[in-house]
Amino acid sequence: MQLLEPTIFGNPSPESVERIKNAFPHPNSAYLTIMDNTALRDPITLDQITKQFPAGLLREFDLFLMLAECLANAVGYNNIKTLGIHARQRGKMLLVSVFHEPHIAESVDPVIRNAHDGWLPDFEKDPPNGLGFPILFRLAYQITISSDRAKLQLWIRLKSTFNP
Amino acid sequence: MAFKFKLDNDDLVVQISGSLTFHQHMEGEQLVYQVATLMEKNNIKHVRMNFSEVQRMDSHWLGVLIRVLRRVKEKHAEFVIEKPNTDISRLFDMVELNRIAEIRA
């Protein structure tokens, strides 16, 4: 099967690139990008991905916000060496998978559970951060972590399913 | 991104522009520090954050706004966010920022 050629940012190792490409053996992939830690922290990478991402699948601001939060989470919660972002259409949803190397730390789990339950901070006294997953849960229909903890998976309604 | 300050009697207007993401965390630190310093040195009653030139924003900058707001409230001054675009207004709605901040279209 022909795998989708990724857009590369920075200099991820060839082994990492192969691993991430092989993690998404889907014939209907819409987009795949792979980046190293340096590129992850470069604002140009976020700009480029939002421009390259197939137009019309998601609302423009939702795409920006989802990407910004996923990249920020990768910087904040995980000592990421390589990150991959893959998207493919599944019915009326877009499945966006964020591949982490090394894999997603278990310390993220309670943060995700709280966000799933609708938690928002008390702005008067809680630390003024930790809004990333609450925002992602308001953008996505569902968020899961793959059983091998490599992928954060976001199921997002396609733009075409929203009323004008 | 960029920001500039204008003192007008007891009003402090903060004009922010550009795209506000986690990449500009140092600028966020500077903004919090500079607002706090201006609040210390002046008898400011109202802080107005003008968002008319901000195109987009992520959760990191929501945290920056909350930190600024706390500094302002410590000094018993009023905090207002002015003229956010529709996308940023939607972001504010998602996290219910209006629980603690006045947001003016």
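Per-chain numbering applies: the sequence of each chain, read as written, is numbered from 1 onward. The order in which chains are written sets their letters, starting at A; the order in which ligands are written sets their numbers, starting at 1. A pLDDT threshold of at least 70 governs which residues receive local features in this predicted model, and a stricter bar of 80 or more applies before side-chain atom pairs are shown or counted, although totals over entire chains, interfaces and linings include all residues.

*Asks:* An account of unusual backbone geometry is needed here, citing residue identities and associated values.
*Replies:* In the segment running from Glu101(A) into Pro102(A), the intervening peptide bond is cis, with an omega of -5°. Of note in the backbone geometry, His76(B) takes a positive phi value of approximately 55° without being a glycine. Only DSSP runs of H or I with at least four residues qualify as helices, and only runs of E with at least two residues qualify as strands; both kinds are numbered from the N terminus onward. With respect to the secondary-structure elements, His76(B) resides in the loop between helix H2 (59-74) and strand S4 (78-82). Take His76(B): there are 7 C-beta atoms within 10 Å of it, and that puts it in the exposed class. Here Lys83(B), not a glycine, exhibits a phi torsion of approximately 55°, which is positive. Along the chain, Lys83(B) falls in the loop between S4 and helix H3 (86-94). With C-beta atoms placed from the backbone, a residue is buried if 20 or more other C-beta atoms are within 10 Å of its own, exposed if 12 or fewer are, and partly exposed between those counts. Residue class for Lys83(B) comes out partly exposed when judged on the 16 C-beta atoms lying within 10 Å of it.

*Asks:* Please provide a residue-by-residue account of the interface of chain A and chain B, values included.
*Replies:* Many structure descriptions define interface size as the accessible area lost when the parts assemble. Here, residue contact means that the backbone-derived C-beta atoms of the two residues sit within 7 Å. Taken together, the 20 residues of chain A in the interface contact 18 residues of chain B. At the level of elements, helix H3 (43-52), helix H4 (60-77) and helix H6 (132-139) of chain A are the ones that each hand at least two residues to the side of chain A that touches chain B. At 7 residues, the largest contribution of residues to the side of chain A that touches chain B is made by H4(A).

*Asks:* Before we move on, can you summarise the confidence of the model for chain B with the specific residues and values?
*Replies:* Of the residues in chain B, 100% reach a pLDDT of 70 or more, and the chain-wide mean stands at 95. The ipTM assigned to the predicted complex is 0.92, against a pTM of 0.93. Per residue, pLDDT measures the predictor's confidence, with a range of 0 to 100.

*Asks:* Now, about the sheet that holds strand S5 (residues 142-145) of chain A: what can you tell me, with residues and values included?
*Replies:* All names here are of chain A. In this description, strands pair whenever DSSP reports at least two bridges between them. Taken in spatial order, the 6 strands of this open sheet run S1-S2-S3-S4-S6-S5, and their pairing is mixed. Two strands close off the open sheet at either side, each with one partner strand: strand S1 (7-9) and S5. Here the strands of the sheet are splayed against their neighbours by 15° on average, with no regard to which way each runs. Comment: axis = line fitted to C-alpha atoms, over the contacting stretch for helices; angle = value between 0 and 180 degrees taken between N-to-C directions.

*Asks:* Tell me about the sheet that holds strand S2 (residues 11-20) of chain B, residues and numbers included.
*Replies:* Residues and elements named next belong to chain B. Taken together, the 5 strands give an open sheet; going across it, the order is S1-S2-S3-S4-S5, and neighbouring strands pair in mixed fashion. For this open sheet the edge positions go to strand S1 (2-8) and strand S5 (102-104), each flanked by a neighbour on one side alone. Averaged over all neighbouring strand pairs, the angle between strand axes comes to 20°, with direction disregarded. Here S2 runs beside strand S3 (residues 46-57); their pairing, made up of 9 bridges, is parallel. If you follow Leu20 over to S3, its bridge partner there is Met57.

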